[in-house]
Amino acid sequence: MAIADLGCATGPNALLLVSDAVEAVLAAAAKKGTDDDDDGEVLPELHVFLNDLPNNDFNAVFRLLPSSPLPGSGCLVSAWPGSFYGRIFPDASLDYVVSCSSLHYLSKAPTMKTVSSGEHLNRGRVYLSPSAGNPTAVLDAYRAQFETDFAAFLGCRAAEVRPRGVLLLSFFARRTACPSMHDCYLWDALADALMDMAAVGLIDEEQVHAFNLPYYTPCPDDLRDMVSMEGSFTVTIMRLFGCSFLGVSHHPTKDEDDEDLPRWLAVETASYVRAALEPTLQMQFGRAAMDELFCRYPLLLEAYYRNNKATKNKEDITNVFVVLEKKQHG
């Protein structure tokens, strides 16, 4: 049985998804042996495939293996570098595919047409925004890039996954077809911080106008339409759920005043965004700009959280959990 993690990354959580998958498979196999009253039940041989882009530090991931449950399960673990928007594995070689916090990243930023004056379409913004000059055209450009990428993802997995194989996917999403201000606040604050830096000459303003994040949070209709159009999978589960950035490194106590929460939440959120996007931002604005950017950014986030009365349990960002099953043709 082959299990693949697409976008495994590097760090203490790199083996978390596949470890859970392996434990679930072994528990199911043990239960089947008990139900069949067969003491000679043979556990499946498990192949675990770790995937991420070629610059991922797979050696660091392999150094985590001795402290994970995988070696004791008799798993054969290997790395398969490459973009999951292309083919990675042989035909019909996978049974169980997991991917967490990866599919909201696009293969590239969307192509934005310039307006008739020659100016950039998404001036002063870096993502979808209700305050964009032409939010409908920006949304159309982002949706078109997402459709191209997600169609490629599904088509490649259709070739690689065996009939009745399962994809378990979780990534950032949004609840409605039209993005709300809350869907965009992370990126509006980032754009405002960049524009503030441009105003004082720390970066080139035209670089801000030309920059768009390679990121998209689909709504449920986006996903259903693409799965239906590709045709190889059935949606068995699709659930939206919210999460908070608070608690990533700071865990508020009961005695802490709610007045402090916006500040802590802003620091936590900015740290997460920096860890995820700093390489992309560096390519556009330079390494020297990063410290100043991430000094300004949490201040703008804090103002947003205070204005919107952030609480310990309030949803900061929406995620989607999707389970797709490969159809058994013929």
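All figures in this text were calculated on a predicted structure; none of them were measured in a lab.

J.: Can you explain the packing of helix α4 (residues 181-199) against helix α7 (residues 261-285)? Please cite residues and give values.
T.: Look at α4 against α7: their axes get within 13 Å of each other, and the N-to-C directions meet at 50°. In terms of orientation, α4 and α7 fall into the oblique class. Once α4 is placed against α7, the crossing between them reads as right-handed. Taken together, the residues of α7 that come into contact with α4 (itself represented by Leu 186, Trp 187, Leu 190 and Leu 194) are Thr 269, Val 273, Leu 277, Leu 281 and Phe 285. In the contact of α4 with α7, the residues fall into eight nonpolar, one polar and no charged.

J.: Just give me the short version of empty space enclosed by the protein, but keep the residues and values in it.
T.: Across all of its chains, the model carries two cavities of 30 Å³ or more by this definition. Here the largest cavity defines a volume of roughly 100 Å³. For the largest cavity, the lining is made up of 13 residues, of which Ala 173, His 182, Asp 183, Ile 317 and Thr 318 are closest to its centre. Secondary-structure elements contributing two or more residues to the lining of the largest cavity are α4 and β7 (317-326). Classifying every residue of the lining of the largest cavity by side-chain character gives six nonpolar, three polar and four charged. When its volume is computed, the second largest cavity comes out at roughly 50 Å³. In terms of lining, the second largest cavity is formed by Tyr 105, Phe 172, Leu 186, Trp 187, Tyr 215, Phe 245, Tyr 272, Val 273, Ala 276, Leu 277 and Ile 317. Of all elements in the fold, only α4 and α7 reach the threshold of two or more residues within the lining of the second largest cavity. Per-element accounting of the lining of the second largest cavity gives the leading share, four residues, to α7. When grouped by side-chain class, the residues that make up the lining of the second largest cavity number eleven nonpolar, no polar and no charged.

J.: Account for the side chain of Ser 102, with residues named and values stated.
T.: Tracing the sequence through the fold places Ser 102 in the loop between β4 (94-100) and α3 (135-160). You can call Ser 102 buried: its relative accessible area is 9%.

J.: Describe the packing of aromatic side chains, and please don't skip the residues or the numbers.
T.: Counted by the stated rule, this structure contains 20 aromatic pairs. Ring plane angle 20° and centroid distance 5.5 Å describe the contact between Phe 49 and Phe 89, whose orientation is recorded as stacked. Of the two residues, Phe 49 is situated in strand β2 (residues 47-51) and Phe 89 in the loop between β3 (76-79) and β4; the sequence distance between them amounts to 40 residues. Seen in terms of ring centroids, Tyr 304 and Tyr 305 are 5.8 Å apart; in terms of plane orientation they differ by 70°. Their pairing is edge-to-face. Tyr 305 shares its class with Tyr 304; the two are buried.

J.: Residue-level account of unusual backbone geometry, with values.
T.: Despite not being glycine, Ala 9 shows a phi value in the positive range, around 65°. Here Ala 9 lies in the loop between β1 (2-6) and α1 (16-35). Judged by relative accessible area, Ala 9 falls into the partly exposed class, the value being 32%. The backbone phi angle of Arg 164 is positive, close to 70°, even though this residue is not glycine. Residue position: Arg 164 is located in strand β5 (residues 161-172). Assessed through its relative accessible area of 56%, Arg 164 is described here as exposed.

J.: Quick one: what's the story with the nonpolar core, residue by residue and with numbers?
T.: Nonpolar side chains in soluble globular proteins generally cluster together in the buried interior. Of all hydrophobic cores here, the largest spans 74 residues; its most connected members are Phe 153, Trp 187 and Tyr 297. If you tally residues by element for this core, the top one is α4, at eleven residues. Phe 153 has contacts with Leu 6, Phe 84, Tyr 85, Leu 103, Leu 167 and Leu 169, leaving out every residue within four places of it along the chain. If you look at the next biggest cluster of nonpolar residues, it comprises 19 residues, including Ala 21, Val 25, Val 48 and Phe 58.

J.: Account for the pairing of β5, with residues named and values stated.
T.: Where β4 and β5 come together, six bridges link them in parallel fashion. Among the inter-strand pairings, Ser 99 is bridged to a residue of β5, identified as Leu 169. As paired strands, β5 and β7 are joined by seven bridges and run antiparallel to one another. Residue pairing in the sheet places Phe 171 in a bridge with Val 320 of β7.

What counts and what doesn't
Residues numbered from 1 in each chain as written. Predicted model: local features only at pLDDT ≥ 70, side-chain atom pairs only at ≥ 80, totals over all residues. Heavy atoms only, no water. Axes fitted to C-alpha atoms, helices over the stretch in contact; angles between N-to-C directions. Helix = DSSP H or I, 4+ residues; strand = E, 2+ residues; numbered from the N terminus. Parallel < 35°, antiparallel > 145°, perpendicular 65-115°, else oblique. Left-handed = near helix turned anticlockwise from the far one by under 90°. Contact = heavy atoms within 4.5 Å. Nonpolar A, V, L, I, M, F, W, Y, C, P; charged D, E, K, R; others polar. 1 Å grid on protein atoms, 1.4 Å probe; cavity = no way out; pocket = protein on both sides within 12 Å on 5 of 7 lines; lining within 4 Å. Points joined across faces, edges and corners; volume = space filled by probe spheres on them. Buried < 20%, exposed > 50% of the residue type's maximum accessible area, 1.4 Å probe, protein only. Phe/Tyr/Trp six-rings, centres within 6.5 Å; stacked < 30°, edge-to-face > 60°. Core = buried A, V, L, I, M, F, W, Y, C linked by side-chain atoms within 4.5 Å. Pairing = 2+ DSSP bridges.

Everything listed here is a matter of geometry and, on its own, says nothing about what the molecule does.
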